[in-house]
Amino acid sequence: MSIVQTVLSSSHFTVMTQDCSYPRVNCGHGEGEPARFLLTRRGAFSIQVGNRTCLARPGQAVFLGRDVEYRVSHPDHRGCACCTDVWLEDAWLDGLGLAGAHAPACLDIQHDLHLQQAHVEMLLGMRGGPDALEAEEALLAVLDGLMHGGEPPRASNRGAARQVRRAQEAIVASPGENLGVDELARVAGCSPFHLCRIFRQGTGQSLRQFRVQHRLGTALGRLGEGEEDLAALACDVGFSSHSHMTDAFRQALGVSPSDLRDTLRASDLKRLHARLTAGRDARLH
């Protein structure tokens, strides 16, 4: 079952939230749809385009080209997957480096928790009914940060990429479980040593770092939804305690979950745009 809500509709962009939960039917489209970005707030889902599969999760967005046929599957069959679906005109693709004969039909784009926070702030700001130009500027700043945040590492070959994806899907399918390297290696179909090596090559993270980032990204999405019970949230996403989650947030973002929740409640698109633009200008110098 999917609940779709439009939060911005302008002459250039349409921004929708999609909350998908069990049971799911007819996941996938493509024909007649514009180019789009899918930014995950919590949960995860896989997108298959031809023989290529991308994993959309907190910390990894997916771009789909116009009229690209795709299918969606969910590693966590009964969990809830929530994403922000951004449709945009072809005219905007050139500035993002996604136009031309060699433009990808499907692209997974790794990003950090700071951009995950910006995504959630942007969505909350748009729900406040801002000026259309203000909303578009904030959206373009988020997409620019997404596309120019640095090229992530890649697995050395298609077989290794498939093994990395299997391990990723096993982790996101059981976010509350501490699956060991032996079990993840069995799922991936390789030795534990080989998995540890190719996983870092393919993602730039260790298996543990990936699991913690996924838990933090999912928790961040729920904080944006107004989660009140932080102890229950910590347990739900897989941390051993509230203090464990707090330490992880402080290490990743420099703030506690309660302070971050207050920041998200006061989301302002002008401040967000200024912050992201300042970061972009710093990169240029």
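Residues numbered from 1 in each chain as written. Predicted model: local features only at pLDDT ≥ 70, side-chain atom pairs only at ≥ 80, totals over all residues. Heavy atoms only, no water.

Peer 1: So what exactly am I meant to see when it comes to helix α7 (residues 230-237) here?
Peer 2: Residues that lie three or four places apart on an α-helix share one face, since the helix turns once every 3.6 residues. When α7 is considered as a whole, its buried residues turn out to be L230, L233, A234 and V237. Along α7, the residues classed as buried sweep out an arc of 100° about the axis, all on the same side. Those residues of α7 hidden inside the fold are in contact with α6 (207-224), α8 (242-253) and α9 (257-265). Its side-chain oxygen placed 3.3 Å from the backbone nitrogen of A231, D229 serves as the N-cap of α7. Positive backbone phi, approximately 115°, marks G238, located one or two places after α7. (Buried < 20%, exposed > 50% of the residue type's maximum accessible area, 1.4 Å probe, protein only. Helix = DSSP H or I, 4+ residues; strand = E, 2+ residues; numbered from the N terminus. Arc of directions from axis to C-beta. Contact = heavy atoms within 4.5 Å. Polar contact = N/O pair within 3.5 Å; in protein donor to acceptor, adjacent residues only side chain to side chain.)

Peer 1: How should the pattern of salt bridges be read in this particular structure?
Peer 2: Any two side chains of opposite charge can pair, so long as their charged atoms come close to each other. One pass over the full model with this rule turns up 15 salt bridges. Across the pair R52 and D108 runs a salt bridge whose closest N-O atoms are separated by 2.7 Å. Of the two residues, R52 is situated in strand β5 (residues 52-56) and D108 in strand β9 (residues 106-110); the sequence distance between them amounts to 56 residues. The exposure class assigned to R52 is partly exposed, which follows from its relative accessible area of 34%. With a closest N to O distance of 2.7 Å, E228 and R265 form a salt bridge. (Salt bridge = Lys/Arg side-chain N within 4 Å of Asp/Glu carboxyl O.)

Peer 1: Whenever I open this one, the sheet that holds strand β4 (residues 45-49) confuses me. Can you help?
Peer 2: If you trace the 3 strands from one edge of the open sheet to the other, you get β5-β4-β7, paired in antiparallel fashion. Where the open sheet ends on each side, the last strands, each with one partner, are β5 and β7 (71-73). Averaged over all pairs of adjacent strands, the angle between their axes in this sheet comes to 25°, without regard to strand direction. (Pairing = 2+ DSSP bridges. Axes fitted to C-alpha atoms, helices over the stretch in contact; angles between N-to-C directions.)

Peer 1: Is there a simple way to think about the side chain of H111 in this case?
Peer 2: Secondary-structure assignment places H111 in the loop between β9 and α1 (113-127). Judged by its relative accessible area of 11%, H111 falls in the buried class. A polar contact of 3.5 Å, which involves the side chain of H111, links it to the backbone nitrogen of Q60. With sequence-adjacent residues up to four places away left out, H111 is seen in contact with G59, Q60, A61, Q116, L146 and Q213.

Peer 1: What's the story with the packing of aromatic side chains in this structure? I'm lost.
Peer 2: Given two aromatic rings, one states the distance between the centres and the angle between the planes to describe the pair. Taken as a whole and judged by the stated rule, the model has 3 aromatic pairs. Between F13 and W92, the ring centres sit 5.3 Å apart and the planes meet at 35°, which makes this aromatic pair tilted. Highlighted residues: F13 in strand β2 (residues 13-20) and W92 in the loop between β8 (81-88) and β9, separated in sequence by 79 residues. For W92, a relative accessible area of 27% gives the class partly exposed. When the ring of F37 is compared with that of F63, the centres are 5.1 Å apart and the planes differ by 55°; the resulting orientation is tilted. Here the residue F37 occupies a position in strand β3 (residues 35-42), and F63 occupies one in strand β6 (residues 60-64), the gap between them amounting to 26 residues. Taking relative accessible area as the criterion, F37 reaches 0% and is therefore assigned buried. (Phe/Tyr/Trp six-rings, centres within 6.5 Å; stacked < 30°, edge-to-face > 60°.)

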